Each structure stands twice: as C-alpha cells, then as structure tokens.
Amino acid sequence: MTFTTAATPENLDSAIAVIGMSGRFPGAPDLDTYWRNLVGGLCSITDLTEEELLADGADPDEIRGRDYVPAKGVLADADRFEAALFGFHRTEAAALDPQHRLLLETAWSALEDAGHDPLDAPRRTGVYVGGGVTEHMLAAQTDPKLAAQLGALQVRILTDREFLAPWISYRLGLDGPSLTVQTACSTSLTAIHLAVQALLLGDCDTALAGGVAVDTVRRRGYVHYQGGIFSPDGRCRPFDERSGGTVPGNGVGVVVLRRLADALADGDPVRAVIRGSAVTNDGAARVGFTAPGVDQQTAAIVEAWTAAGLDPADAQYLEAHGTATELGDRIEASAASAAFKSALGTRSVGLGSVKANIGHLDAAAGVAGFIKTVLMLEHATLAPTAGAGRPHPELALDDSPFHVVDRAGPWPEPEYGPRRAGISSVGIGGTNVHVALEQAPPHPGPSRTPGPEVLLLSARTGDALKALAGRLAAALRAPGAPSLADTAHTLRFGRTPLAERAYVLAADREEAADRLAELGEGHAASAPAGADDLRAIGEAWLRDERLPWPGRGRRVSLPTYPFAGESYGAFGLETVPAEPEPGTAPDAGLDTAVRALLVETLGLESAADLEMTYFAAGGDSLAAVHLVGCLRDDFGIDVPLTLFLEELTLDELARRVVEAQEPDDSLDALLSEFEGA
C-alpha cells in the first residue's frame, strides 16, 4: 500500500484548492443547515399530502393511482429570485428558467464564501456548470404568445440549459471559459473535473463548477414502475437490503476552485484539496444504454488516484453514486471493490451516499456528494447515510474493503498522511467520473494583531442588511470564528458594495457580535469612543467615497448574501397564457399602444416608469431587436435599431417611435441575422 503525506511544494502543481462553496438542497437553504442535517442522519425527502399535490395542479386521477408515490426531495423557495441584483427586469425574470435563477444566486454566494467580490472576481475566472430539462423550459419554448411578447430567440436564451454557464459569466463579468456541461446524472461532478483540468492546463486561473436540477418548482411525486429506477415507498436506501430504487430531488451547488499554490499565495480560505480526477465512459461494454458498466467505473477511480500520485487505498471514505437500484448498486460495489482492492484486509473504508438524505438530484447529484465530503473533511466527522440498515447480501460488502457508515462519528487522522476521500458519480449514457479529495492544509493564524476594526456591511434592501448583520453576529460567536481583522478585511474586499449600508466599530469579536446583533434587530449599533480613523472609514463608506484601508488581511469564509427575492413562479405545461391587458392593442391609440408595448416587454410596474432610459430599465440588444420587429409587424412603424442606443427616456423614445415615418433599409438584414443566430 502507498502512503503519502499531504500536498507539499513538490506536488502543488497538480493540486487544486476548493476555496468557496454554496448550495441549496432539500431541507437545507444553506450549507450550515445541510451539514447539521447530514451529521444528524436526517432524511430530507418530503412526503407530500394529496391536498398539497392538488393545490400545485397535479392530476387527481394520477395521484390516486395505486403506483403513485407522493415523495420527493423538495427544494424550498425554488421560485424566488433577487432579480434586481442581477439586472433583470420583471418580464425577463419571470421568463428566466428557475435553474438559471438559482445558479446565478449560488454562484454569487460561492464567490462570497471564497472571500471574493462577485462583481470583481479574479481575472480569467471560468464557469463549468450543467442542469437538467425543466417543465418551465418546455412550457416557455412551446408558448407562441410568450414568443410574440419577448421574441423566440430571447425565450430560448432565457430558458434553455445550454445558456446556464454564459448567464453566470455575463452577469458576474467573468472572462474565463464558459461551458455548459451535460453528462446526465454525473453532470456536476464532470463539471468539477473539467474545471480542474482547465486550471491545470492554464485555461483559467479561477473556476466556478457545479450543477442544478429543478425539474419543476411544483410539488410533485412520481409513478413507480416494476423494474424501474424509482423506489416503491419514497425512500432511497443505497447498498441496503431494503433498497428498491431512488427518489427524485431538486437542488443546486457551486464550488470555487483555484490552483493550490495560487490560493495559498493569495490568502484564500482553502476548504479542501482536489488531488486528482478522471472521467471515463462505458462505451458498448454494458447490457444497455442506461445500464452502468464495471470496468470503466473501476478505471475512473484508479485513474483519478493515479493522477494524484496516490493509491485508492489511501482513502478512508468513498462517497458513492449510490442510487439504491439493484443493478446500479451491484455494479458500483463491484467496480469500487476492484479499485480499492489494496485496502482489503488492512482497514475498512467508509461508504455512503447522500441520496439517502436528499434524493437523487440528477445533474446536481455529484456536487451534492462533493460538498458533503468537503464538509466531513472540514469537521473531521463521518456523516451517516440516512436510514442505513443491514447491507444487501448480494453486494458482498463483508468481503470488500467497505463498510456503510450508519452513524455519525469522528474521522481520525490517519497514521500516515491526511484524511482523504473519493467521490464517484455515474451518468445514464455511461459517463463515469471520480474525484480524489484531501483535507485542507493547516490554516494560518490571523493576519494582524488584535485591535479595533471597522466592519463594512451593505445589501440591496434594508431587510437584507438586517438579516446579514444577524448572520454575521452568529458567525462571530461560533466556535472557530475567524479573527476580527480577517473578518473586516473580507467584508471590505470580498463583497459587492450595494445601496443600503452600515458599519460597526468594535475592539474584539464579542463586541462586534453584540453590535451586529443590535443592527440585525433594527437598532442603530452603538459605537465605542475613540478609533476616529476607523470611524472616518465607516462614514466614507456610507457616502460611497474611496476608502483608505489599514494594512492587509486574509480572506475568510463568512455568511453570504441573504437572498430573499420575490416569487417569479414558473411556467407549467398546463398553464394558460394570460391574455393581454386592455389597451395594448393598436386600436387603443398608437401612442398608448407603443407605451404599453415598452411596459410589457421591459416588465415595468407602470407607465410612470417610462421616465427611465431604455438600458436603465433593463433593456438589451435582443429586446431592442424584438421591439423593432413588433413595431414593424404590429404597427407598421419602421425605426432604426440605433434609436434604442440613444440616451432618451422611454417616454421620449415612445414619442420618437410614433413620429417615425422613414423605413430603415438595414432592418430586414439585421432581423434575419438575429433570427438565424
């Protein structure tokens, strides 16, 4: 057996740091809750009542059928979105697929967790993410009225999963590669592998990677078919003698990656280290397209650990794909046993699958298991597979290197080397991926000597500011809280300055937590005497002036933005599109109709918002092309596209449109170019 030490200067070139993470999973709106649920062995799959299903539009005959299972890993508030923070007007936000919305917010939070301003991320930051097919996307792209309102191309851009990565790059200003990845159930772990390879090859210097799965925001169960992949009783029991299949679930997760050497040099908060990864495909060596294969699953594991310069037996834990299907678990157990054979007879490797806790998250399944494993490494604790019982006898785990982790317990540091784990994911279609993960190197001490600090806070709304202050207060009171100096540094350089602002002066963590708690409760935070230089910084912050900053600090993981946007719902396949409001037809008066078209297309609250300019109202080039086409087709008015580029209020723009008489000869060619894109 090969035993090695942690990543050293000699092998830093192939090590990738996990510096930030964010996720929302069934029963867990944040990673702190996710960890509590995991270590508590909680099953977060929801049993849905008939009333809940009917209220969300389920077919009464279907849900009362004998084989209908009213269970799912439900993602709460999947329809909510902080649209204004990302520059979307109301009409766009409603059309934007919930998967896009969730990925945007989760990418923002992951960068904040890494201590980086989401709108000022490091140069050459790449994006590697994927998602699933959604009810919203299918409904939107087959709705002729929506296409008439926004334009068919715009509808596709706002809903199709191929634009998941580009929207993140565009709205966050990230200039590295932007790839949407699709390998079915192994999508998000494959995205992490591709991000690792891009960092090692120098394609980017920082990468966001992960995935999302929200097939619908409505409460839905599923129909169980004999011999199918879904569980007959709404529970997923990987490697268990009671296993009968998987349970669908929704969720989203994103991690931020950098080369370990860069992360250490720049003072990033390293949460874990990726030592190696690999991806394979079963090709034709399987009994069917949807069936997995043993040999290439084994190869993915061996190749990942070989890339790390390690042996699979150096791991103490394996986070398996673990669907709890008869064929899937049997093949995965055989493949993993073959890869980990050098561990047989020497020690037992822990085995688990997060699907027992939250269900099968499809394109987000791999990142859910990856984040779980990082959290276990951080807490030096093995979390149990929810509801684990006796292992399935056909898997022969007693003769393998593995034992199913059935209760929470400490993860001792090995005698040789650090804690290590493997994560596997398998996709329908045969794509297997494996990642070798290692605990983070020891964290450095605080970067400055203790002393008074100024903590700068901002949010889009006053309520969000109070929520953020409350979360920061709790974080500074928690065991292992970061130093006050590093907290101040991270809030100064690792957050986007927003409109609602406040600051807190404090001499130590306890005082800072007390004053943040006051702010969170809606009271003005009391301020100590003295520290006039820090107070001057705080006052300059409130006035949005350039800030002097004393000394340097390290980035640390702190509570991220408290997203609490309104519900924008989601389109359903049974949804009847709303009829146009009265007064939008051309015969209601040309001036009124043109203004109504602008209000509807830009999602304005009312005609009073026409005092804004086109771009201030959220307009862009595609919407302008759509408006030009509508004006020509519906009203017989030809206007140049350049009219929308002028610094005009929408009110003046509407007046100019009505006055327009001359056609623009280049319009047909321009529209054809966009429609053919």
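These numbers were taken from a predicted model, which means no experiment stands behind them.

Parameters at a glance
Residues numbered from 1 in each chain as written. Predicted model: local features only at pLDDT ≥ 70, side-chain atom pairs only at ≥ 80, totals over all residues. Heavy atoms only, no water. Phe/Tyr/Trp six-rings, centres within 6.5 Å; stacked < 30°, edge-to-face > 60°. Helix = DSSP H or I, 4+ residues; strand = E, 2+ residues; numbered from the N terminus. Buried < 20%, exposed > 50% of the residue type's maximum accessible area, 1.4 Å probe, protein only. Lys NZ or Arg CZ within 6 Å of the ring centre and 35° of its normal. Pairing = 2+ DSSP bridges. Axes fitted to C-alpha atoms, helices over the stretch in contact; angles between N-to-C directions. Contact = heavy atoms within 4.5 Å. Salt bridge = Lys/Arg side-chain N within 4 Å of Asp/Glu carboxyl O. Core = buried A, V, L, I, M, F, W, Y, C linked by side-chain atoms within 4.5 Å. pLDDT = per-residue confidence, 0-100.

Time to look at the packing of aromatic side chains. A full pass over the atoms with the stated rule returns 13 aromatic pairs. Both rings, one in F86 and one in W108, keep their centres 5.6 Å apart while their planes meet at 75 degrees; by these two values the pair is edge-to-face. With F86 in the loop between β5 (80-81) and α4 (90-95) and W108 in helix α5 (residues 98-113), the pair connects residues that are 22 residues apart, well separated along the chain. Taken individually, F86 and W108 each receive the classification buried, so the pair is uniform in this respect. Aromatic pair Y317 and W411: ring centres 6.2 Å apart, planes at 55 degrees, arrangement tilted. Separated by 94 residues along the polypeptide, Y317 in strand β12 (residues 317-319) and W411 in the loop between β16 (409-410) and β17 (420-426) bring together distant segments of the chain. Among the aromatic residues, those joined into a ring-pair cluster are F81, F86, F88, W108, W167, Y170, Y561, F563 and Y568. In this arrangement the basic side chain of R171 is found over the ring face of F88, its NZ or CZ atom lying 4.1 Å from the centre. Of note, R501 hangs over the ring of W541, and the distance from its end group to the ring centre comes to 4.3 Å.

With that settled, the discussion passes to the sheet that holds strand β13 (residues 349-352). Strand order across the open sheet formed by 11 strands is β7-β6-β8-β10-β1-β11-β18-β17-β12-β13-β15, with mixed pairing between neighbours. Strands at the two margins of the open sheet, each flanked by one partner only, are β7 (178-180) and β15 (402-404). Strand-to-strand twist across the sheet, computed as the mean angle between neighbouring axes with direction ignored, equals 25 degrees. Sheet analysis places β12 next to β17, joined by three bridges and oriented parallel. Note on β17: the bridge partner recorded for E319 is I423. Packing against the sheet, helix α10 (residues 187-201) makes contact with β1 (16-24), β6 (125-131), β8 (206-213), β10 (251-259), β11 (272-281), β17 and β18 (431-439), and its axis sits at approximately 170 degrees to β8.

What follows concerns the pattern of salt bridges. Applying the stated rule across the entire model yields 34 salt bridges. As a salt-bridge pair, R258 and D266 come within 2.9 Å of each other at their nearest N and O atoms. R258 gets classed as buried once you look at its relative accessible area, which sits at 8%. By relative accessible area, which is 39% here, D266 ends up partly exposed. Close ionic contact of R275 with E438 constitutes a salt bridge, the shortest N to O distance being 2.6 Å. Residue R275 is located in strand β11, and its partner E438 is located in strand β18; the two are separated by 163 residues in the primary sequence. Of the two residues examined, R275 and E438, each falls in the buried class. Several salt bridges share partner residues, and in doing so they unite R124, D205, R259 and D262 into one network.

Turning next to the nonpolar core. One finds F81, F86, F88, I168, L208, L455 and L516 to be the most contacted residues of the largest nonpolar core, which totals 85 residues. Not counting residues up to four positions away in its chain, the partners in contact with F81 are F86, F88, A93, L96, R101, L104, E105, G565, E566 and Y568. Grouped together as the second largest cluster of nonpolar side chains are 49 residues, L31, L361, F370 and A421 included.

The next point concerns the pairing of β11. The element β11 is extensively covered by neighbouring structure, given that eight of its 10 residues are classed as buried. Where β11 meets β18, nine bridges bridge the pair, whose relative direction is antiparallel. Bridge pairing links N281 to T431 in β18.

What follows is about the confidence of the model for the chain. Confidence in the prediction of the chain, expressed as mean pLDDT, is 88, and 90% of residues score 70 or more. Counting contacts from residues 575-588, a segment whose pLDDT is below 50, to residues more than four positions away or on other chains yields 14 contacts. In this model, residues 661-677 is a region of pLDDT below 50 whose contacts with residues beyond four sequence positions or in other chains number 17 contacts.

Glancing now at the side chain of N37. For N37, the location among the structural elements is in helix α1 (residues 31-39). Overall, N37 belongs to the buried group, its relative accessible area being 14%. Excluding its chain neighbours within four sequence positions, the residues that come into contact with N37 are G27, A28, L42 and S44.

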